[in-house]
Amino acid sequence: MMAAQSEPQRQRTITREDYEKLMPMVRRIAMRLVRRLPSHITVADLVSAGWVGVMEACSRADAEMPDEEFAAYASLRVRGAMLDYLRQLDPATRQARNASRKIARAISDQTQALGRVPEEEEVADALGLAVDDYRTLLEKTAARGMTRIDMVDFDKLDAFPAEVGHTDQVAENRMMAEAVAKAIDALPERLRLVLALYYQESCTLREIGAVLEVSESRACQLHSEAVHRLRAALGRE
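Conventions used here
Residues numbered from 1 in each chain as written. Predicted model: local features only at pLDDT ≥ 70, side-chain atom pairs only at ≥ 80, totals over all residues. Heavy atoms only, no water. Salt bridge = Lys/Arg side-chain N within 4 Å of Asp/Glu carboxyl O. Helix = DSSP H or I, 4+ residues; strand = E, 2+ residues; numbered from the N terminus. Buried < 20%, exposed > 50% of the residue type's maximum accessible area, 1.4 Å probe, protein only. Core = buried A, V, L, I, M, F, W, Y, C linked by side-chain atoms within 4.5 Å. Contact = heavy atoms within 4.5 Å. Axes fitted to C-alpha atoms, helices over the stretch in contact; angles between N-to-C directions. Parallel < 35°, antiparallel > 145°, perpendicular 65-115°, else oblique. Nonpolar A, V, L, I, M, F, W, Y, C, P; charged D, E, K, R; others polar. Polar contact = N/O pair within 3.5 Å; in protein donor to acceptor, adjacent residues only side chain to side chain.

So, about the pattern of salt bridges. A full pass over the atoms with the stated rule returns seven salt bridges. Where glutamate 56 meets arginine 77, a salt bridge forms, and the shortest distance between an N and an O atom there is 2.9 Å. With glutamate 56 in helix α2 (residues 43-60) and arginine 77 in helix α3 (residues 67-87), this residue pair connects regions lying 21 residues apart in the sequence. On the basis of relative accessibility, which here comes to 22%, the residue arginine 77 falls in the partly exposed class. A salt bridge links arginine 229 to glutamate 225; its shortest N-O distance comes to 3.0 Å. Linking arginine 229 with glutamate 225, this pair stays in helix α10 (residues 216-233), spanning four residues, or about one helical turn.

Pasting the structure below:
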């Protein structure tokens with residue numbers, strides 16, 4: 001006797017009710033991720049990518065799956081779709097991201113090896129670059145949006161939970177603020193001044209250059225160097 005064939009799995013279909021239930025979840029995940037990304041990536045970009053994940057979840061989930069179980073499954077697919085979108089960004093952005101990681105890692109390694117904050121020349125040497133080439137690299141990473149203090153690697157975003165309670169988020173923000181303040185205090189005075197002018201006084205890079213009596217391009221390099229030193233100190237290389 002031939003074994004009875006199992007009935008094919010019935011797929012879920014998206015209804016208006018499903019849309020209204022899932023949309024807040026998709027937006028929450030997008031808003032949590034976007035805070036850790038370069039400014040040219042928007043919540044709308046991530047939400048659009050997230051809906052690809054919703055469609056994938058519907059195509060793979062059984063129609064009989066309980067709503068709560070489906071929502072949990074869909075959230076994983078949504079995050080996966082958003083991360084896939086981020087990984088497919090243009091090669092120039094990926095190259096800048098890799099360069100940014102290398103800079104922060106070199107600063108971190110040199111700090112540990114020397115037991116102090118490394119000089120610009122020492123970081124450049126660790127990267128196998130002349131100082132002028134190192135400065136050019138700093139400027140290129142800045143142009144590609146790689147100078148956000150809170151930026152992390154896209155490939156590590158899976159480690160962050162999709163949902164975080166309000167209390168936990170407040171505590172996380174407080175700890176980050178304290179860590180950043182400590183890292184800023186350890187920066188050379190010139191770089192502390194650049195950060196103060198940029199973030200506290202809202203000065204443009206041209207205005208910062210005027211204060212320091214350097215070009216706008218050099219001010220951009222100094223700002224990029226300051227942020228990379230902070231990222232290295234925070235362990236975010």
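The next subject is unusual backbone geometry. Within the chain, serine 202 stands out as a residue other than glycine whose phi angle is a positive 55°. One non-glycine residue, glutamate 213, lies in positive phi territory at about 60°. Counting through the fold element by element, glutamate 213 comes out in the loop between α9 (205-212) and α10.

On to the nonpolar core, then. One finds Val26, Leu46, Phe70 and Met82 to be the most contacted residues of the largest nonpolar core, which totals 25 residues. Elements represented by at least two residues in this core include exactly α1 (16-34), α2 and α3. It is α1 that provides the largest number of residues to this core, a total of eight residues. In contact with valine 26, not counting residues within four places along its chain, are Val47, Gly50, Trp51, Val54, Val78 and Met82.

What follows concerns the packing of helix α8 (residues 189-200) against α10. It is the contact of α8 with α10, at a shortest axis distance of 9 Å, that shows an interaxial angle of 100°. When the interaxial angle is binned, α8 and α10 end up roughly perpendicular. Within the contact between the two elements, α8 uses Arg190, Leu191, Val194, Leu195, Tyr198 and Tyr199 and α10 uses Arg218, Leu222, His223, Glu225, Ala226, Val227, Arg229 and Leu230. Split into classes, the residues belonging to the contact of α8 with α10 amount to nine nonpolar, one polar and four charged.

This next bit is on the side chain of glutamine 221. Within the fold, glutamine 221 resides in helix α10. With a relative accessible area of 9%, glutamine 221 lands in the buried category. Only 3.1 Å separates the side chain of glutamine 221 from the side chain of glutamate 139, close enough to count as a polar contact. Discounting chain neighbours no more than four positions away, the residues touching glutamine 221 are Arg135, Thr136, Leu138 and Glu139.

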